[in-house]
Each structure stands twice: as structure tokens, then as C-alpha cells.
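Observations on the model geometry
Each chain is listed here by its residues.
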Amino acid sequence: QQQVKQSPQSLIVQKGGISIINCAYENTAFDYFPWYQQFPGKGPALLIAIRPDVSEKKEGRFTISFNKSAKQFSLHIMDSQPGDSATYFCAASNSGAGSYQLTFGKGTKLSVIP
Amino acid sequence: DTAVSQTPKYLVTQMGNDKSIKCEQNLGHDTMYWYKQDSKKFLKIMFSYNNKELIINETVPNRFSPKSPDKAHLNLHINSLELGDSAVYFCASSHPPENTIYFGEGSWLTVV
């Protein structure tokens, strides 16, 4: 049973365009929703994260939009650059469970073409 | 200074062998993890561990065992390696209240 569903699996965007990656979750106990960025040969690194008490969080060109009622959240990358080409993972965790294990989506491979 | 470091980065071994992957974190975190990333890039938790509790993902075969000599280290031991164990294994750590999980750079295990 996959608790976090991520789409699309791959995405090609032109330089300067907007990249949008979507995630949906099932467990209403989840209360922390981070996005991780992974470059080839490297470990995932935290990009941006949100908690359910806000509907949007912006850091530079990266924005998370969160819809609690729909149990969905998305990552928007504005003015996408070739250096943004990487695999992006959404994730979720339930801090109330006493553990901060992340449940990951299956990842989106983003390619930004010049 | 690498926050979460793992060794070896690459490991090629034969079926049936026993191997270990070492992990150290210098962040002072209380909780450490092992994640497995398969060929399709899917990341799955294997273990989480702090000085009080080991939580094991029920799908992990008992051939896999974490061992923590101290708070800064969490090593992964794998017995009787199988072809299906080939994957990238990531060590990670976190600490309240932020609970951001920091990953190492991964250990590429190939079983032949």
C-alpha cells in the first residue's frame, strides 16, 4: 500500500518555465511534508518543507502548495534552470507516532532543457 | 566536513557473502536511519534507531541487522547476500525539534 502517490514520473521543462510536481497522501495523521532533491550519485537533500497549518510556503524559486482537505500537496519551481535537473521526492511523516520516519513518493525525474 | 558519512561507497560481492556498511554522523543527532533505494529510485525505510528504540520495517528480511556502537554510528550488517539485495543504501540522521532528515551519499551494493 503506497501511502504517498507522486506524479508525474518524469517531467521535461524548458529553461525559464514552471515545473510542477504533485503528491497525494492517504494517512490523515501525517503532519510534516518535505520535498527532497537528489542529484545523480548523491543522497537526497531537503529542499523545502511544510506543515498543515499553512497552505503555501515559498523559498526563492521553490513553492509548496498544500491542500489539507484534498490531502494533496505540490512543488512549483519557477524560472526552472538546467541546474534544477534532478530527481525530486515528496515525503510525509507523522511526528505524533513518536518516530520521524519519512514515507516517500516514487520520485519525479526533472529535466530542464536550455 | 561531511555530516553523514558512509563507507564503502561501492561494494561488489558474491551471493552468500556477509558484508557490512558503516555510517557515522557528526551532527549530534539522536536518531539514525537506514534507507534502501532500488533500481527504480524508490526510497524505503529499513530501520530507525535512537538510544532507546529500534524500529524495524516489517518487510526487511532478518538477514539485515543494524548495529550501533554509540550514538554517532549505525552500521548495517547483511548476511547471506542475495541478488535482490543489490541497491543503494542510504544512512541518515535527524534530531528534534526540526526533524529534518540528513542523508549520506549512499553505498552502492552489487551482488553477483
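Values in this document were obtained by computation on a predicted structure and should not be read as measured data. Along every chain, residues carry numbers that run from 1 in the direction the sequence is written. Chain A is the first chain written and ligand 1 is the first ligand written, with later ones labelled in order. Only residues with pLDDT of at least 70 are given local features in this predicted model, and only at 80 or more are side-chain atom pairs given and counted; all residues enter the totals for whole chains, interfaces and linings. In computing side-chain properties, one takes all heavy atoms of the structure into account and sets aside hydrogens as well as water.

Attention now moves to the pattern of salt bridges. Salt bridge, as used here, is a side-chain nitrogen of Lys or Arg placed within 4 Å of a carboxyl oxygen of Asp or Glu. Counted by the stated rule, this structure contains seven salt bridges over all chains. For A:Glu59, the salt bridge goes to A:Lys57, with nearest N and O atoms at 3.7 Å. Taking relative accessible area as the criterion, A:Glu59 reaches 36% and is therefore assigned partly exposed. Each residue is assigned to one of three classes by its accessible area relative to the maximum for its type, calculated with a 1.4 Å probe on protein chains only: buried under 20%, partly exposed between the two thresholds, exposed over 50%. Residue A:Lys57 is classed as partly exposed on the basis of its relative accessible area of 31%. B:Lys9 is paired through a salt bridge with B:Glu105; the nearest N and O atoms lie 3.9 Å apart. Of the two residues, B:Lys9 is situated in the loop between strand S1 (4-7) and strand S2 (10-13) and B:Glu105 in the loop between strand S10 (102-103) and strand S11 (107-111); the sequence distance between them amounts to 96 residues. Relative accessible area serves as the criterion here: at 29%, B:Lys9 is assigned to the partly exposed category. If you follow the salt bridges from partner to partner, you end up with A:Lys42, B:Lys9 and B:Glu105 in one network. A run of H or I in DSSP becomes a helix once it reaches four residues, and a run of E becomes a strand once it reaches two; helices and strands are each numbered from the N terminus.

For an interface, size is often stated in terms of accessible area lost upon the parts coming together. Of the residues lining the interface, 21 residues belong to chain B; the matching set on chain A comes to 18 residues. Summed over both partners, the accessible area lost on bringing two parts together, with a 1.4 Å probe, is the buried area. Surface buried jointly by chain B and chain A totals about 1,700 Å² across both partners, of which 57% is contributed by carbon and sulfur atoms. The interface formed by chain B and chain A contains one salt bridge. For A:Lys42, the salt bridge is made with B:Glu105, and the minimal N-O distance between the two is 3.3 Å. Polar contacts, as used here, are pairs of N or O atoms within 3.5 Å; protein pairs need one atom able to donate a hydrogen and one able to accept it. Residues neighboring in sequence count only if both atoms are side-chain atoms. Counting across the chain B and chain A interface gives five residue pairs in polar contact (both at pLDDT 80 or more). Elements with a minimum of two residues in the side of chain B that touches chain A: strand S4 (31-37) and strand S5 (43-49) of chain B. Throughout, the ten residues Ala, Val, Leu, Ile, Met, Phe, Trp, Tyr, Cys and Pro are labelled nonpolar, Asp, Glu, Lys and Arg are labelled charged, and all others, Gly among them, are labelled polar. Here the residues of the side of chain B that touches chain A sort into 11 nonpolar, five polar and five charged. What makes two residues a contact is simply this: any of their non-hydrogen atoms within 4.5 Å.

Bringing unusual backbone geometry into the picture now. The omega angle of the peptide bond from A:Ser7 to A:Pro8 is -5°, so this bond is cis rather than trans. Mapping A:Pro8 onto the fold places it in the loop between strand S1 (4-7) and strand S2 (10-14). That bond from B:Thr7 to B:Pro8 is cis: its omega, 0°, falls within 30 degrees of zero. Of note, B:Pro8 is situated in the loop between S1 and S2. One non-glycine residue, A:Lys71, lies in the positive phi region at around 55°. Accessibility expressed as a relative area gives 29% for A:Lys71, which makes it partly exposed.

In this structure, B:Thr100 sits in the loop between strand S9 (87-94) and S10. On the accessibility criterion, B:Thr100 (6% relative accessible area) is buried. In contact with B:Thr100, other than residues within four places in its own chain, are A:Tyr32, A:Tyr36, A:Leu46, B:Ser93, B:Ser94 and B:His95.

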